Amino acid sequence: MRAERLAALKKEVLDVLALEELRDLFGPESQPEVALGGQIALPDGRSLAISGQIDRLAVTGDAVWIVDYKTHRPPPLSEAGVPPSYRAQMAAYRDVLQRIYPGRDVRCLLLWT
């Protein structure tokens, strides 16, 4: 049973890595574990310093891709089921990265492992 489970997990990982739409994210130009820090604007006009670590970062000509790995099981079945804390984390990262890479689309992904 353990060997079957490991084989299934290996296949799942390799299937994700092979997805054409994610090739830049897992390609040779991408980076793992990138430190990020900056200021985000709060709704009341104040700013807040944030720091974090992007699990995977890829910068292409027109986009910045970031992925954050999550181990929470089971994963949500829809975007509406994503915990608010995860949404806030990605929004903060996107806000900082939009200022670092102006004019590029910042695409945030959560990947359950």
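The structure under discussion appears in the preceding block.
The structure presented is a predicted model; accordingly, all values stated were derived computationally and were not measured.

S.K.: I'd love a proper account of the pattern of salt bridges, names of residues and values included.
M.R.: Taken as a whole, this structure holds eight salt bridges when the rule is applied. As a salt-bridge pair, Asp 44 and Arg 46 come within 2.7 Å of each other at their nearest N and O atoms. Just as Asp 44 is exposed, Arg 46 falls in that class too. In this structure, Asp 105 and Arg 107 form a salt bridge, with 2.9 Å as the shortest nitrogen-oxygen distance. Take Asp 105: its relative accessible area is 40%, and that puts it in the partly exposed class.

S.K.: Report on the pairing of strand E3 (residues 63-70), specifying residues and quantitative values.
M.R.: Summarising burial for E3: seven of the eight residues are buried, a large majority. Here strand E2 (residues 47-59) runs beside E3; their pairing, made up of four bridges, is antiparallel. Note that in E3 the partner of Leu 57 across the bridge is Ile 66. Sheet topology places E3 next to strand E4 (residues 105-112); eight bridges connect them, and they run parallel. The partner of Val 64 across the bridge, within E4, is Val 106. Remark: the E3/helix H2 (residues 84-100)/E4 crossover connection has right-handed handedness.

S.K.: Quick one: what's the story with the nonpolar core, residue by residue and with numbers?
M.R.: Counting 14 residues, the largest nonpolar core has Ile 54, Ile 66, Tyr 93 and Leu 97 as its most contacted members. The biggest single contributor to this core is H2, with five residues. Not counting residues up to four positions away in its chain, the partners in contact with Tyr 93 are Leu 36, Ile 50, Gly 52, Gln 53, Ile 54 and Ile 66. Leu 25, Phe 26, Trp 65 and Val 67 belong to the second largest nonpolar core, which has seven residues in total.

S.K.: Lay out the side chain of Thr 60 with the relevant residues and their values.
M.R.: Inspection of the secondary structure assignment puts Thr 60 in the loop between E2 and E3. Setting aside chain neighbours within four positions, we find Thr 60 in contact with Asp 24, Trp 65 and Arg 104.

S.K.: Account for unusual backbone geometry, with residues named and values stated.
M.R.: With a phi close to 50°, Glu 33 is a non-glycine residue in the positive phi region. Mapped onto the secondary structure, Glu 33 falls in strand E1 (residues 31-41).

S.K.: Pulling in residues and values, what's your account of the sheet that holds E2?
M.R.: Strand order in this open sheet of four strands is E1-E2-E3-E4, and the pairing throughout is mixed. Each edge of the sheet is formed by a strand with only one pairing partner; in this case those strands are E1 and E4. Ignoring which end each strand starts from, the neighbouring axes of this sheet average 45° apart. Along the sheet, H2 contacts E1, E2, E3 and E4; its crossing angle with E1, the most-contacted strand, is approximately 85°.

S.K.: Can you tell me about H2, naming the residues and giving the values?
M.R.: Its 17 residues place the ends of H2 25 Å apart at the C-alpha level, agreeing with the 24 Å of an ideal helix rising 1.5 Å per residue. Here H2 has its buried residues at Tyr 86, Met 90, Ala 92, Tyr 93, Val 96 and Leu 97. Relative to the axis of H2, the buried residues are bounded by an arc of 160° and lie together on one face. For H2, the secondary structure elements touched by its buried residues are E1, E2, E3 and E4.

The rules behind these values
Residues numbered from 1 in each chain as written. Predicted model: local features only at pLDDT ≥ 70, side-chain atom pairs only at ≥ 80, totals over all residues. Heavy atoms only, no water. Salt bridge = Lys/Arg side-chain N within 4 Å of Asp/Glu carboxyl O. Buried < 20%, exposed > 50% of the residue type's maximum accessible area, 1.4 Å probe, protein only. Helix = DSSP H or I, 4+ residues; strand = E, 2+ residues; numbered from the N terminus. Pairing = 2+ DSSP bridges. Right-handed = clockwise from strand over helix to strand, strands pointing away. Core = buried A, V, L, I, M, F, W, Y, C linked by side-chain atoms within 4.5 Å. Contact = heavy atoms within 4.5 Å. Axes fitted to C-alpha atoms, helices over the stretch in contact; angles between N-to-C directions. Expected span 1.5 Å × (residues − 1). Arc of directions from axis to C-beta.

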